[in-house]
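# Observations on chain architecture
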Amino acid sequence: MGEKWVLMKTAQTPTNIAVIKYWGKRDETLILPVNDSISVTLDPAHLCTTTTVAVSPAFQQDRMWLNGKEISLSGGRYQNCLREIRTRAREVEDKERGIKIEKKDWEKLHLHIASYNNFPTAAGLASSAAGFACLVFALAKLMNVSEDESQLSAIARQGSGSACRSLFGGFVKWIMGKEDDGSDSLAVQLVDEKHWEDLFIIIAVVSSRQKETSSTSGMRESVETSSLLQHRAKEVVPKRTIKMEEAIQNRDFASFAKLACADSNQFHAVCLDTLPPIFYMNDTSHRIISYVEKWNRSEGTPQVAYTFDAGPNAVLIARDRKAAAQLIQRLLFYFPPKSDTDLDR
Ligand SMILES: Nc1ncnc2c1ncn2[C@@H]1O[C@H](COP(=O)(O)OP(=O)(O)OP(=O)(O)O)[C@@H](O)[C@H]1O
Ligand SMILES: C[C@@](O)(CCOP(=O)(O)OP(=O)(O)O)CC(=O)O
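Predicted, not measured: the structure shown is a model, and the values here were computed from it. (Residues numbered from 1 in each chain as written. Chains lettered and ligands numbered in written order. Predicted model: local features only at pLDDT ≥ 70, side-chain atom pairs only at ≥ 80, totals over all residues. Heavy atoms only, no water.)

### Some words on the site of ligand 2
Looking at ligand 2, there are 18 residues lining it, with Y22, K25, R77, S160 and S162 nearest. One of the side-chain N or O atoms of K25 is found 2.7 Å from an oxygen atom in ligand 2. Contact with the protein chains covers 95% of the free accessible surface of ligand 2, which is 460 Å². When atom positions are compared with the pocket grids, ligand 2 is found to occupy the largest pocket. (Near = heavy atom within 4 Å. Polar contact = N/O pair within 3.5 Å; in protein donor to acceptor, adjacent residues only side chain to side chain. Areas by Shrake-Rupley, 256 points an atom, 1.4 Å probe, with all protein chains shown as cover. 1 Å grid on protein atoms, 1.4 Å probe; cavity = no way out; pocket = protein on both sides within 12 Å on 5 of 7 lines; lining within 4 Å. Sits in = over half its atoms within 2 Å of the grid points.)

Pasting the structure below:
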């Protein structure tokens, strides 16, 4: 191998929003959850990560830049993903440029990685989900890895739990798995993006500031202190997941909205049940919930579902284009933005 070549691949991966939430790990290192979760993957044209990975004999060490700033790759999560992908790397040949990387060469070669999120990072909009899914997918492309999306999802999971669900479009289930080594804790596609095309997802950015309690530390504290979390994981989510899968298969918006809203509210109740309590939502988030609940009741049948992750931003899922248009008008009227980007600053 000469020293002068660089081989690159780029991937783009959307973020996903859970409608049955993942909150709590049974294994912190392998990132194994205490319950199944279900999410919807957003359209890649909107909230997404773009990651370019490059390999060259000229690179002296693995390096990564996130949104233009160099970050450390020394954390276990990045190292786990890089190691898992490297062990699956295969021969790569670019005949036109006379480049051949043999399987054994990958251990010695270093990588440079550049990633951009086109939305706020670490603000409760699942940047880690799109980020780690994209990283794993881009590396798998570069290294000619033959594993399918579900197998890659088990690697992305070791970067961030929610990342395993971003390797598929449509509605996706992360099966918690039973094995201690995590081999059966992976994502599967429930239905593709064409199945329920009527749905419109609107993200009301209440605040794009970085949150105070990360999902990782928040869920650790909940596992240690919340008895509601234990009840939720054992008694509530298993039944709710079955009902949610049925609602998605049947495109039954009324059931879908009821289950998604209830699950979001229970996740935030678990946060309140944590010691010390974690507050991810704020007054504006609560006002949005009350507003949507009132509107749904006045229409007789739900028009919009809401769900909130580990932050105050509302993810609103409208049943169709008409409901989405009404929702946007109403949001702008009742919640006029206080800054260029946020409803609340
Ligand atoms: N594009 C990316 N590539 C690789 N890692 C990323 C990328 N974007 C974010 N991350 C990692 O994810 C971390 C942010 O994750 P965190 O869980 O705190 O926030 P979030 O994912 O935006 O919000 P939440 O998961 O609560 O919805 C960053 O500090 C970084 O380590
Ligand atoms: C509230 C959530 O968004 C929590 C996401 O947590 P992360 O996947 O960010 O946590 P780690 O596995 O520690 O990286 C719910 C969800 O996406 O299911």
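Having seen it, we continue.
### Observations concerning the site of ligand 1
In the region of ligand 1, 18 residues are neighbours, and Y78, S115, S127, K211 and S215 sit closest. The side chain of N117 places a nitrogen or oxygen atom 2.9 Å from a nitrogen atom of ligand 1. If ligand 1 stood free it would expose 640 Å²; the protein chains cover 83% of that surface. One can see that ligand 1 is located within the largest pocket.

### Remarks on the nonpolar core
With 53 residues, the main nonpolar core has W23, V55, I85, I101, W106 and M143 as its most contacted residues. Ranked by the residues each element gives to this core, the list is headed by helix α2 (residues 127-142), at nine residues. When residues of this core are sorted by domain, at least three fall in each of domain 1 (7-191) and domain 2 (200-344). Other than its neighbours up to four places away in sequence, W23 contacts V34, N35, S215, G218, M219, S222, L229, F267, V270, C271, Y280 and A310. (Core = buried A, V, L, I, M, F, W, Y, C linked by side-chain atoms within 4.5 Å. Buried < 20%, exposed > 50% of the residue type's maximum accessible area, 1.4 Å probe, protein only. Helix = DSSP H or I, 4+ residues; strand = E, 2+ residues; numbered from the N terminus. Domains from an automatic or database assignment. Contact = heavy atoms within 4.5 Å.)

### Remarks on the layout of surface pockets
Put simply, the largest pocket is a space of about 810 Å³. Among the elements that line the lining of the largest pocket, the one with the most residues is α2, at five residues. Class assignment of the residues belonging to the lining of the largest pocket gives a composition of 16 nonpolar, 17 polar and six charged. Residue assignment places the lining of the largest pocket across two domains, with domain 1 (7-191) and domain 2 (200-344) each supplying three or more. Taken together, 26 residues line the second largest pocket, and the ones lying closest to its centre are T41, L42, D43, P44 and E193. (Points joined across faces, edges and corners; volume = space filled by probe spheres on them. Nonpolar A, V, L, I, M, F, W, Y, C, P; charged D, E, K, R; others polar.)

### Comments concerning the packing of α2 against helix α3 (residues 149-156)
Where α2 meets α3, the closest approach of the two axes is 9 Å, and the angle between their N-to-C directions is 125 degrees. It follows from the interaxial angle that α2 and α3 lie oblique. Crossing handedness for the pair α2 and α3: right-handed. Between α2 and α3, the residues in contact are F132, A133, V136, F137 and A140 and E149, L152, I155 and A156, respectively. Of the residues in the contact of α2 with α3, the class split is eight nonpolar, no polar and one charged. (Axes fitted to C-alpha atoms, helices over the stretch in contact; angles between N-to-C directions. Parallel < 35°, antiparallel > 145°, perpendicular 65-115°, else oblique. Left-handed = near helix turned anticlockwise from the far one by under 90°.)

### Brief notes about the sheet that holds strand β14 (residues 200-204)
Read across the sheet, three strands follow the order β14-β16-β15 without closing on themselves; strand pairing throughout is antiparallel. Lying at the two open borders of the sheet, with one neighbouring strand each, are β14 and β15 (304-308). Along the sheet, successive strands turn relative to each other by an average axial angle of 25 degrees, direction set aside. Summarising the sheet, β14 and strand β16 (residues 314-318) pair through five bridges and their orientation is antiparallel. When the bridges of β16 are listed, I201 appears paired with I317. The sheet contacts of helix α8 (residues 321-334) involve β14, β15 and β16, and relative to β14 the element is tilted by about 15 degrees. (Pairing = 2+ DSSP bridges.)

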